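Single-letter residue listing:
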Amino acid sequence: PITIAPERVDVSSLNSVHKIAREPTIEDMFARSSLKVDYEQIDQEVAGRRVLVTGAGGSIGSEVVRQLHESNAKQIGLLDRDDCLMHDLAVRLSGRMHDTRLPLLHTDIQHAGQLHRAFFQFRPDTVIHAAALKHVTTLEANPINALTVNVGGTANVLKACEDFGVDRLINVSTDKAATRISCLGLSKYIGERMVEGAGLPGYRSVRFGNVFGSRASVLHAFRLQARHHGQVIVRGSETSRFFMTAGEAASLILSTLGQVGGCGTYVLDMGNPVPIRQLAEAVIEELGCVTSIHHEALGDGEFESERLFATTEVPETTSIEGVFRVTTKPLDRRVVESMMQSLGDVHGLDNKTVRQHLCDIADIA
């Protein structure tokens with residue numbers, strides 16, 4: 001095992017150590033995890049397989065695709081509803097607009113018919129499910145999207161996996177599933193339960209915290225605020241969050257394929273949470289601009305201190321140091337589908353009603 005780095009670097013190909021010397025970044029300063037990854041094992045797990053990545057154009061999905069591109073995977077299917085993101089990623093990796101190893105599957109996971117067609121075309125045997133809406137604020141303002149995309153979309157993915165005999169699936173979740181305060185946390189917890197409900201040993205979820213460099217991340221928002229508005233807004237007086245890099249997140253996902261513990265949710269020990277005010281101060285110092293820090297109250301669905309495990313969860317050690325496994329109560333996706341169908345036109349429901357339905361689904365015995 002070796003300590004994870006953002007990319008695999010062939011040091012022998014470098015003429016001088018000065019070529020890899022650089023100033024430490026905010027990501028270096030605040031990413032707290034120490035994930036160790038066995039790349040050879042990952043290569044063995046995906047060798048000769050057709051791996052489908054949903055949400056392939058996103059921050060985490062694209063990094064998963066990049067790491068898979070360096071592996072022995074036979075094909076890597078890029079599935080996303082944003083065709084431009086998929087196209088750019090494929091060109092960046094292969095140098096070609098059409099690469100048979102990187103087929104593009106323009107699909108919205110909310111639409112079961114589109115998803116079925118994509119699975120029929122690609123015939124995956126391994127699925128990395130990273131497609132989701134992930135921003136707390138926007139999902140609190142529009143909880144219907146948490147229900148239709150994160151819950152309904154995940155149910156559609158699980159149905160397609162069942163129809164096409166997919167034997168391995170990794171579902172990307174979030175530490176917010178441990179608290180279930182926000183619509184995001186509720187929807188992701190339901191996703192974990194549905195994956196558990198599939199009852200297949202090759203089906204797992206992965207739960208981690210905030211990812212540096214991801215779109216709409218707090219670091220990205222702080223940089224925009226500082227550059228364009230002269231102030232950084234910190235919500236809450238003692239707010240802290242867990243952080244990791246996109247490379248660590250992708251490597252944790254792929255490493256989970258080789259775990260021998262079967263079903264469950266795999267959680268990386270991310271060290272101590274980072275005080276958000278310290279992150280804001282680091283952004284101001286990095287940019288060197290005249291910027292102040294402004295404090296506001298926490299928004300809906302937000303809380304000051306995140307946690308990786310629910311109070312009822314008992315983490316178990318795994319074969320990877322610093323990675324733990326918890327089990328969630330199984331939930332049959334067909335029960336969820338039936339409940340959602342009984343709601344009729346969900347887009348006509350008010351936010352309070354939709355949020356209550358998320359709570360009801362999450363609490364199904």
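Residues numbered from 1 in each chain as written. Predicted model: local features only at pLDDT ≥ 70, side-chain atom pairs only at ≥ 80, totals over all residues. Heavy atoms only, no water.

Student: What is the right way to look at the nonpolar core in this model?
Tutor: What tends to happen in soluble globular proteins is that the nonpolar side chains get buried as a cluster. By size, the foremost hydrophobic cluster in this structure holds 44 residues, and its most contacted members are Phe-119 and Leu-147. When contributions to this core are tallied by element, the ones reaching two or more residues are α5 (112–122), α6 (136–141), α7 (143–163), α9 (183–197), α13 (333–342) and α14 (351–362). When residues of this core are assigned to their parent elements, the largest contribution, 10 residues, is made by α7. In this view, Phe-119 contacts Leu-52, Pro-124, Val-127, Val-157, Ala-160, Cys-161, Phe-164 and Val-166; residues no more than four positions away in its chain are not counted. Of all hydrophobic cores here, the second largest spans 43 residues; its members include Val-53, Ile-170, Leu-257 and Val-326. (Core = buried A, V, L, I, M, F, W, Y, C linked by side-chain atoms within 4.5 Å. Buried < 20%, exposed > 50% of the residue type's maximum accessible area, 1.4 Å probe, protein only. Helix = DSSP H or I, 4+ residues; strand = E, 2+ residues; numbered from the N terminus. Contact = heavy atoms within 4.5 Å.)

Student: When you look at unusual backbone geometry in this model, what are you seeing that I'm missing?
Tutor: The phi torsion of most residues other than glycine is negative, and most of the peptide bonds are trans. Positive phi, close to 55°, is recorded for Arg-123, a residue that is not glycine. A residue is classified by how much of its surface remains accessible, and Arg-123, at 40% relative accessible area, is partly exposed. Positive phi is not limited to glycine here, since Arg-180 has a value of about 60°. For Arg-180, the location among the structural elements is in the loop between α8 (176–179) and α9. According to the relative accessible area criterion, Arg-180 is partly exposed, its value standing at 24%.

Student: How do you make sense of the packing of aromatic side chains when you look at a structure like this?
Tutor: Centre-to-centre distance and the angle between the planes together describe a pair of aromatic rings. If you walk through the whole model with that rule in mind, you get two aromatic pairs. Ring centres of Phe-119 and Phe-164 lie 6.0 Å apart, and the angle between their planes is 40°; on these two criteria the pair is classed as tilted. Taken as a pair, Phe-119 in helix α5 and Phe-164 in the loop between α7 and β7 (168–174) lie far apart in primary sequence, 45 residues in all. The class of Phe-164 is buried, set by a relative accessible area of 17%. The interplanar angle of 90° and the centroid separation of 6.4 Å between the aromatic rings of Phe-309 and Phe-324 together place this pair among those described as edge-to-face. A residue pair is termed long-range when its members are at least 10 positions apart, and Phe-309 in the loop between β15 (292–296) and β16 (316–317) and Phe-324 in strand β17 (residues 323–326) qualify at 15 residues. Residue classification places Phe-324 among the partly exposed positions, given a relative accessible area of 24%. Over the ring of Tyr-189 we find Arg-180; its NZ or CZ atom is 3.6 Å from the centre of that ring. A cation over an aromatic ring shows up here: Arg-241 above the ring of Phe-303, its NZ or CZ 5.6 Å from the ring centre. (Phe/Tyr/Trp six-rings, centres within 6.5 Å; stacked < 30°, edge-to-face > 60°. Lys NZ or Arg CZ within 6 Å of the ring centre and 35° of its normal.)

Student: Help me understand the pattern of salt bridges in this model?
Tutor: Side chains that carry opposite charge are capable of pairing whenever their charged atoms lie near each other. This model, assessed by the stated rule, comprises 21 salt bridges. Of the charged contacts in the structure, one is a salt bridge between Asp-108 and Arg-81, with a shortest N-O distance of 3.7 Å. Taken together, the residues span a long stretch of sequence, with Asp-108 in the loop between β5 (104–106) and α5 and Arg-81 in the loop between β4 (75–80) and α4 (83–94) at a distance of 27 residues. Classification of Arg-81 by relative accessible area gives partly exposed; the value is 44%. A salt bridge links Arg-180 to Glu-313; the nearest nitrogen and oxygen atoms lie 3.7 Å apart. (Salt bridge = Lys/Arg side-chain N within 4 Å of Asp/Glu carboxyl O.)

Student: I would appreciate a short explanation of the confidence of the model for the protein in the present structure.
Tutor: Should pLDDT be low for a region, the predicted coordinates there are not to be read in detail. Confidence in the prediction for the protein averages 89 pLDDT; 92% of positions are at 70 or higher. Of the regions scoring below 50 in pLDDT, residues 1–22 engages in 25 contacts with residues more than four places distant in sequence or in other chains. (pLDDT = per-residue confidence, 0-100.)

Student: Would you mind showing me how to read the sheet that holds strand β13 (residues 265–268) here?
Tutor: Backbone hydrogen bonds hold the strands of a sheet together, and the pairing may be parallel or antiparallel. Pairing within the open sheet is mixed, and its nine strands lie in the order β5-β4-β3-β6-β7-β8-β13-β17-β16. Pairing within the sheet leaves two strands with one partner each, and these edge strands are β5 and β16. As judged from the four bridges shared by β13 and β17, these two strands associate in the antiparallel manner. Across the sheet, residue Tyr-266 finds its bridge partner in β17, namely Arg-325. Running at roughly 165° to β4, α5 makes contact with β3 (50–54), β4, β5 and β6 (126–129) of the sheet. (Pairing = 2+ DSSP bridges. Axes fitted to C-alpha atoms, helices over the stretch in contact; angles between N-to-C directions.)

Student: Looking at this structure, how should I read the environment of Thr-179?
Tutor: In this structure, Thr-179 sits in helix α8. In this structure Thr-179 comes out as buried when scored by relative accessible area, which is 14%. Residues Thr-179 and Ala-221, spaced 42 residues apart in sequence, show a C-alpha to C-alpha distance of 23 Å. Apart from residues no more than four positions distant in its own chain, Thr-179 is found in contact with Phe-303 and Arg-307. Here Lys-176 takes part through its backbone oxygen, which lies 3.3 Å from a polar atom of the side chain of Thr-179. (Polar contact = N/O pair within 3.5 Å; in protein donor to acceptor, adjacent residues only side chain to side chain.)

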